Amino acid sequence: MRTPAQPRRPPSLLLLLLTNFVPSFGKETLQTTAVNPQFEKNMDYVDFIHLNILEKKVLNNSEVSVQYLCSKPCIVNLEAVASSEFRTGVPVYRRRWKVEKNLYASRTRQVRLKFPSIMVYRDDYIIRNSIIVHSVILYAWINHKSASNYDDGQNEDYQAAVAKNYTFLEAVPPFQRPYKDHKVCLQWGADYLWMLQANRIPQCPHESDGVQYLEFIYASSGEKTGIVKKFEQFENRELETARQHQIDYPMFTVSIWLYLLHHCEKDLCGIIYFIDSKEMYGTPAVFLNEEGYVHIQMHLVRGDDLAVKTSFSLPLKQWFRLDLSFKGGQIEVSSVGKNLKRHHHQSFTFREDFYYDDTAGYFVLGGSGYVSGIEAFFGPVKYYRLNVLETEQISNPLHDKDTVEQIELYYERCMDIQEIVHEYRYIVKQGEKAHRSCYYENYYLEMIHKYGEISKCNAFMWGKELREKYHTLFKLLQEIDFSSPDVLEDGSDTVVEVGRRIFEKVVKGLSSANGLSNMGSSVPLLMDSSCCGYHKASYFLAVIFETGLGVSVNHIKGLLYSLVGAQGNERLAMMNLGYKHYQGINNYPLDLELSYAYYSNIAIKTSLDQHNIKGEQAFVETIRLMDDELLKAQTKENGDVFMWLKHEATRGNAAAQQRLAQMLFWGQQGVAKNPEAAVEWYAKGAIETEDPVLIYDYAIVLFKGQGVKKNMKLALELMKKAAAKGLPQAVNGLGWYYHNFKRDYRKAAKHWLIAEELGNPDASYNLGVLYLDGIYPGVPGRNQTVAARYFYKAAQGGHIEGTLRCSLYYITGNMEDFPRDPEKAVIWAKHIAEKNGYLGHVIRRALNAYLELSWHEALLHYVLAAETGIEVSQSNLAHICEERPDLARKYLATDCVWRYYNFSVSQVNAPSFAYLKMGDFYYYGYQNQSKDLELSMRMYAQAALEGDSQGFFNLALVVEEGNSIPSYILDHLEIDQALHSSNTSLLQELYYRCWNSSNQESISPCSLALLYFYMRVVWNNILQSTLIYFMGTFLLSILVAFAVQSFQSLSAHNSPGRRSEPLSDDAPSSSGNSNEDAARLVQQDDTTFSNDLAQQESNPQNPLVIS
């Protein structure tokens, strides 16, 4: 390798013109020898030129005194050259004059300089873009002219001058310049608008080259997902200029805190690396290898890639900081401990400089589709884009001391527990071998061993202190049969198996009647299970401590076990972290890139889990506890719904056979998953009914061998049969067969094009794969653009892998058709993650427990599901807490109803009744929460936008009570304020929309309210007498109330839902019994009816929904 390249020369800004000059700033500079002129013609005279300026600033009409002497006929030249951030060496002023007389004599001429207006004046209505001038140099020189070429303009350049001089002029900042008098009159409107902003000085936000890549701890599980960051150009022009100059001579520093759990299992694991716009590794690419050494790959200026490896390895299970600085072709690598003392340091020098443009691609921290990430916890990561810093100069502190220490203590404790389990298992195994040698060929002893008590280790080799510290663990170990086939011979699997058994024992106890009362004694067991590597226990602990479920709230421990569970690949723990960072709640910082790292991991697993019918999975169903019809449809194998479907399926009903098979295959509607039984119904339907869907489903399970032995021949026959019947899925299935089993891409593409025209999203995705892999027939090479369009079309049809691909495009921003949008990437990945079968299993357990009135089990599992961020579980949990407030108060330290309805309305798919609930809470005030009328109206408006008539009804009641709806809320509702400026007009619009969005074929509160509104308008127009008005209103109120009572049952059936009871008599009951609302409506004070709405300032920054 060669030494670092010398720093590049600065831009040649006028350097050629100043080659022999040594300028003196702020003073007159002379480059000629002053000679007193002699008038005898036979003497030699020296030409000279001097510049005298009273005020050396760039001002219009600045006066310059030019003193000169010409010994021959000459031309005197004066030129000003300016340089700005964008251009250098631009002539902005020129003047010249001939000198033919008075030779050999010193003369002086006064010259007034004139510059472009954008250089010397402030912005105004006419001058819109004044420029910042960095430097202005005023040159003066003399050229002799011969008779032959006097007028041809030759030899007038500065370098050929017989005498020359220059001086610097000081540029005036834009906001210190005067305004120009344009000698024109503006129209009064334009002049007024300009004067409103004339003295505003725009300020650029502070921008530094130091970027905090990561602030919060990130749990990297070693999967192919990580944190994606993309850096844009600097807004500050000077910083951006410096960055562009450093592309082929980079100078930057990266500082990363790490808590490494394992070295890379195979090949290389990603720490931090750059992916360029062509999806290739760029500078830098930092990995960890199997021995723990750091592997650093760099992209050089000439296009080559070279890599180096450190001579030191990174430590395990301790916090340290990895600092890397890059300068030209040099790398400095340092390892620093928690005390900031340097442990290791190494330098590398490459043969040429690195090529580095950090805006032409994206960074990845951890894993990606190209490489697995490290198994570690990432702490704060700092990136200095333009500077090389020493270890002592780097400002990247390890902020969250409590969590950092808790992680260290957790793994120290877990090492003890895992060691105990290993040793205990070994001792029991050795004892079993000794016993076998005793009862070999002894039938009686063999029966005792087979049917008697399990082998135990009663003679502990551990000390009393250790036994007392882990007494619950030792007790459980004595209950485990290590000779069971479930306990594998591999030691690490044994530890996990012990953790699983501990966990199942605890969950069984917590799910029993009054099980949550045993939470205090269950927590230590869950900790032991977590330490054994069974991270479902870790997620349980995270939720228990976060919500105070049976224990005191402890956010530090809640975060600890969330991180530990996510690092251990527990799906629900990852979803919990992804959700908290997406919403920025519970002291978790809002970080979309970090949220995406977790959600994308689960989204990938969701796709894989759907192809694996094993494990505790169930179909994720949206079943709300307020929906009686859906609850009645839930069943079990001995339930009425299941038995009826089975009866119809036996009679040959194809729809019943299909539904029954789906319920058994996926575990839907409360039926336990049973793929083998599902396949029997698929086969029966395919053979008996000739239904194309059943034929296709049966063919798929035969292809994949799910619940039945593989049979490729029969599967292909069935697939062709279903395709012949025109089923799009089957046509796509044939393409899949030719692609995967025959490698016939032409036939595959042919079938996929047909299926895609029929609207099959799987076919769209498969066509995208052909283009992405570069194997589309007749199309040379890869075409990512076309592939991305097919993926997007598949995603629009609900395709899981297509949605996942598009979310990746949105987070990287590397595709032209997918501008970077981290929020959209998170939403799409979250949508897929929430289809995960393991989450579905928890939701199903919660629902079954609710239907069985097992309140403790229902509360436990709905809390577990709700904390992952899935909306249906959040609103269901809030409903349970309303239904059983005694249970919620006793076992949950958080305000369950408020917390989970509030979580629900922050979701993109929140139901309207949740908005109504939160609107009521803000209107009446809820426990410790104060009243907020504006937030209440925002919630009602959002419910109205969701199509709920109750939202319009509640807003009308708010207006009836003399309140005004803010203008920005009316804008969201698309209500024209100019047309509805009075209360009367606004109420008419709200009641009409209420009626229009309700069931118009029956009597409803909205129709009654609208009728009463029109009757009041007529009554007001006809009757003027106060007494008659009062008596008429009273009688009319009685009639309307009687009508309401008559239609009570019908109107209650059409009412949108119930709300909490009002806390005071004068507040509107906006979501209780809607008939009561209508009855109370007639009692409103009519004086408020004729008042105009007070207009409020619009606040466009406030959304209709808050979290």
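Residues numbered from 1 in each chain as written. Predicted model: local features only at pLDDT ≥ 70, side-chain atom pairs only at ≥ 80, totals over all residues. Heavy atoms only, no water.

I tried to follow the overall build of the protein chain on my own but got confused; where do I start?
Scanning the protein chain from N- to C-terminus turns up 39 helices and 21 strands. In the protein chain, which comprises 1107 residues, the proportion classed as buried is 52%. In the protein chain, once contacts between residues fewer than 6 apart in sequence are set aside, the share between residues at least 24 apart is 67%. (Helix = DSSP H or I, 4+ residues; strand = E, 2+ residues; numbered from the N terminus. Buried < 20%, exposed > 50% of the residue type's maximum accessible area, 1.4 Å probe, protein only. Contact = heavy atoms within 4.5 Å.)

What exactly am I supposed to notice about the sheet that holds strand E2 (residues 48-53) here?
In any sheet, the strands associate via hydrogen bonds between backbone groups, in a parallel or an antiparallel arrangement. Strand order in the open sheet formed by 3 strands is E2-E3-E6, and the pairing between neighbours is antiparallel. On the outer flanks of this sheet lie E2 and strand E6 (107-113), each paired with one strand and no other. Shown here is a sheet whose adjacent strand axes are inclined to one another by a mean of 25 degrees, direction ignored. As paired elements, E2 and strand E3 (residues 62-69) share 6 bridges and run antiparallel to each other. Among the inter-strand pairings, Ile53 is bridged to a residue of E3, identified as Val64. (Pairing = 2+ DSSP bridges. Axes fitted to C-alpha atoms, helices over the stretch in contact; angles between N-to-C directions.)

Would you mind going over the sheet that holds strand E15 (residues 293-299) with me for this structure?
The 6 strands lie next to each other as E11-E20-E13-E14-E15-E16, forming an open sheet whose pairing is antiparallel. If you trace the sheet from one side to the other, it starts and ends with strand E11 (226-229) and strand E16 (305-313), each paired once. In this sheet, adjacent strand axes meet at a mean angle of 15 degrees when their direction is disregarded.

What exactly am I supposed to notice about a nonpolar patch on the surface here?
Where nonpolar side chains cluster on the molecular surface, the patch consists of Tyr125, Ile126, Val184 and Leu186 and spans about 340 Å² of accessible area. The residue Val184 is located in the loop between strand E8 (163-169) and helix H2 (188-197) in this model. (Patch = residues over 30% accessible without salt bridge, like charges linked within 9 Å, V, L, I, M, F, W, Y side chains within 5 Å. Areas by Shrake-Rupley, 256 points an atom, 1.4 Å probe, with all protein chains shown as cover. Salt bridge = Lys/Arg side-chain N within 4 Å of Asp/Glu carboxyl O.)

When you look at the pattern of salt bridges in this model, what are you seeing that I'm missing?
When the charged atoms of two side chains with opposite charge come close together, those side chains can pair. Across all of its chains, the model carries 34 salt bridges by this definition. Here Glu989 and Arg993 are joined by a salt bridge, their closest N and O atoms 2.8 Å apart. Highlighted residues: Glu989 and Arg993, both in helix H35 (residues 983-997), separated by 4 residues, approximately one helical turn. For the pair formed by Glu989 and Arg993, the shared burial category is buried. Each of Glu240, Arg243, Asp357, Asp358 and Arg385 takes part in one network of salt bridges that share partners.

Would you mind showing me how to read helix H12 (residues 571-583) here?
Residues spaced three or four apart along an α-helix point in a common direction, a consequence of the helix completing one turn every 3.6 residues. End to end, H12 covers 18 Å across 13 residues, agreeing with the expected 18 Å (1.5 Å per residue, within 8%). Counting buried positions over the 13 residues of H12 gives 13, a clear majority of the element. Looking one or two residues past H12, Gly584 carries a phi angle of roughly 65 degrees, positive in sign. (Expected span 1.5 Å × (residues − 1).)

I tried to follow the state of the cysteines on my own but got confused; where do I start?
Note on terminology: disulfide describes a covalent bond linking the sulfur atoms of two cysteines. Under the criterion given, the structure shown has 5 disulfides. For Cys70, the disulfide goes to Cys74, at an S-S distance of 2.0 Å. The disulfide joining Cys70 to Cys74 has a torsion of about 75 degrees about its S-S bond and is therefore right-handed. Take Cys70: its relative accessible area is 2%, and that puts it in the buried class. Residue classification places Cys74 among the buried residues on the basis of a relative accessible area of 0%. (Disulfide = S-S within 2.5 Å.)

Looking at this structure, how should I read the packing of aromatic side chains?
The geometry of an aromatic ring pair comes down to the distance between the two centres and the angle between the two planes. Following the criterion strictly, the structure yields 58 aromatic pairs and no others. Their ring planes at 80 degrees and their centres at 5.4 Å tell us that Trp898 and Tyr922 sit as a pair that is edge-to-face. Residue Trp898 is located in helix H30 (residues 896-905), and its partner Tyr922 is located in helix H31 (residues 912-924); the two are separated by 24 residues in the primary sequence. Note on Tyr922: relative accessible area 7%, which makes it buried. Between Tyr900 and Phe903, the aromatic rings sit 5.7 Å apart at their centres with planes inclined by 90 degrees, giving edge-to-face as the arrangement. A residue pair is termed a helical-turn pair when its members lie 3 or 4 positions apart in one helix, as Tyr900 and Phe903 do in helix H30 at 3 residues. (Phe/Tyr/Trp six-rings, centres within 6.5 Å; stacked < 30°, edge-to-face > 60°.)

I tried to follow the environment of Asn387 on my own but got confused; where do I start?
Mapped onto the elements of the fold, Asn387 is located in the loop between strand E21 (375-384) and helix H4 (401-439). What makes Asn387 partly exposed here is its relative accessible area of 34%. Through-space distance from the C-alpha of Asn387 to that of Thr253 is 6.4 Å; in sequence the pair is 134 residues apart.

Explanation requested: the pairing of E3 in the structure shown.
Regular strands show a simple pattern: their side chains alternate between the two faces of the sheet. Within E3, 6 of the 8 residues are buried, which leaves the element mostly enclosed by the surrounding structure. The pairing of E3 with E6 spans 7 bridges and is classified as antiparallel. Note that in E6 the partner of Gln67 across the bridge is Thr108.

What's the story with the confidence of the model for the protein chain in this structure? I'm lost.
Reading predicted coordinates in detail is not appropriate for stretches of low pLDDT. Summary statistics for the protein chain give a mean pLDDT of 82 and a share of 82% for residues scoring 70 or more. Across residues 1-42, confidence stays below pLDDT 50; counting only partners more than four residues off in sequence or on other chains, it has 75 contacts. Predicted confidence is poor over residues 1050-1107, with pLDDT under 50, and the contacts of this stretch with residues over four places away or in other chains come to 154 contacts. (pLDDT = per-residue confidence, 0-100.)

Could you clarify how one ought to interpret the packing of helix H9 (residues 519-531) against helix H10 (residues 536-547) in this entry?
Working note: a packed helix pair is described by the angle between its axes plus the distance between those axes. At their nearest, the axes of H9 and H10 sit 8 Å apart, and the two run at 140 degrees to each other. The pairing of H9 with H10 is recorded here as oblique in orientation. Here the hand of the crossing between H9 and H10 comes out left-handed. Contacts from Met519, Val523, Leu526, Met527, Ser529 and Ser530 in H9 reach Ala537, Ser538, Phe540, Leu541, Ile544 and Phe545 in H10. Looking at the contact of H9 with H10, its residues break down into 9 nonpolar, 3 polar and no charged. (Parallel < 35°, antiparallel > 145°, perpendicular 65-115°, else oblique. Left-handed = near helix turned anticlockwise from the far one by under 90°. Nonpolar A, V, L, I, M, F, W, Y, C, P; charged D, E, K, R; others polar.)

Please clarify how the pairing of strand E4 (residues 74-84) should be interpreted in this entry.
Most of E4 is tucked away, with 11 of its 11 residues classed as buried. Side-chain alternation along E4 places Cys74, Val76, Leu78, Ala80, Ala82 and Ser84 on one buried face and Ile75, Asn77, Glu79, Val81 and Ser83 on a second face that is also buried. In the sheet, E4 pairs with strand E5 (residues 90-99) via 9 bridges, with the strands oriented antiparallel. Paired with Val81 across the bridge in E5 is Pro91. Where E4 hands over to E5, the hairpin turn is made up of 5 residues, of which Gly89 adopts a positive phi near 65 degrees. Two elements, E4 and strand E7 (residues 133-144), share 11 bridges in a ladder whose sense is antiparallel. Opposite Leu78, over in E7, you have Ala140 as the bridge partner.

Got a minute to help me understand the nonpolar core in this structure?
As a rule of thumb, soluble globular proteins bury nonpolar side chains together. In this structure, Ile271, Ile296 and Phe377 are the most contacted members of the largest nonpolar core, which totals 264 residues. Here this core gets 10 residues from one element, more than from any other, and that element is H4. Within the second largest apolar cluster, 31 residues are counted, among which are Ile49, Val58, Val66 and Met119. (Core = buried A, V, L, I, M, F, W, Y, C linked by side-chain atoms within 4.5 Å.)

Even after reading the chapter, I still don't get helix H16 (residues 654-666), so can you show me in this structure?
Between its first and last C-alpha, H16 extends 18 Å over 13 residues, near the 18 Å set by a 1.5 Å rise per residue. Ala654, Ala656, Gln657, Leu660, Ala661, Met663, Leu664 and Phe665 are the residues of H16 that are buried. In this structure, the buried side of H16 is in contact with helix H15 (640-650), helix H17 (675-688) and helix H18 (692-704).

Even after reading the chapter, I still don't get the environment of His739, so can you show me in this structure?
Mapped onto the elements, His739 comes out in helix H20 (residues 728-740). A relative accessible area of 13% means that His739 is categorised as buried. Put simply, His739 and Asn766 are 27 residues apart on the chain and 9.5 Å apart in space, counted from C-alpha to C-alpha. Beyond its immediate sequence surroundings of up to four residues, His739 is in contact with Tyr745, Ala748, Trp752, Leu770 and Ile775.

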